[in-house]
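This is what each chain is made of:
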Amino acid sequence: MQINMDELKDQLKSRGYKLTPQRRAILDVVVDNVGKHLSSEEIYDIVRKCCPDIGLATVYRTLQLLSDHDVLSKISLDDGCVRYELNTHQDAHHHHHLICTNCSKVFEVVVDLLEDLEERIETQYNFKISDHSVKFYGVCEECQSKK
């Protein structure tokens, strides 16, 4: 996954923020772990390997900042913690997730399955939909093969 750090620096700078080394390290962890849907604590554990002096509060604040500026998306997979992923489609809807109830792995469905339904709802109810979230629960192929 390629992210334009100069563009990100300019975006943050225009809003009064800098892409500090700590923020850059946190963002690098998210970029390097695309598709893993890491929690704040998991990001903290990974980023401490290259920045041992970083505090958990810094990680929380940075994740919130990057989320507020649409660099990251917050997702809830109903496991009690907020997870983060790189927001690669800032003008599009979030993708859907498949969650294995056996091993807890999360898979992404990149096809927007609800586009036609959204159009019908917007027309019928004169309601402008800004986003949606869909999660499918089941057993992944790997777990099925183990049974």
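How each quantity is defined
Residues numbered from 1 in each chain as written. Predicted model: local features only at pLDDT ≥ 70, side-chain atom pairs only at ≥ 80, totals over all residues. Heavy atoms only, no water. Helix = DSSP H or I, 4+ residues; strand = E, 2+ residues; numbered from the N terminus. Axes fitted to C-alpha atoms, helices over the stretch in contact; angles between N-to-C directions. Parallel < 35°, antiparallel > 145°, perpendicular 65-115°, else oblique. Left-handed = near helix turned anticlockwise from the far one by under 90°. Contact = heavy atoms within 4.5 Å. Nonpolar A, V, L, I, M, F, W, Y, C, P; charged D, E, K, R; others polar.

**Concerning unusual backbone geometry**
At His37, a residue that is not glycine, the phi angle is positive and equals roughly 50 degrees. For His37, the location among the structural elements is in the loop between helix H2 (21–32) and strand S1 (38–39).

**With respect to the packing of H2 against helix H3 (residues 40–47)**
In contact at an axis separation of 10 Å, H2 and H3 are set at 110 degrees when each is read in the N-to-C sense. As summarised for this structure, H2 and H3 are arranged roughly perpendicular, according to the angle between their axes. At the point where H2 passes H3, the crossing takes the right-handed sense. The residues of H3 that touch H2, namely those facing Ala25, Ile26, Val29 and Val30, are Ile43, Ile46 and Val47. Class assignment of the residues belonging to the contact of H2 with H3 gives a composition of 7 nonpolar, no polar and no charged.

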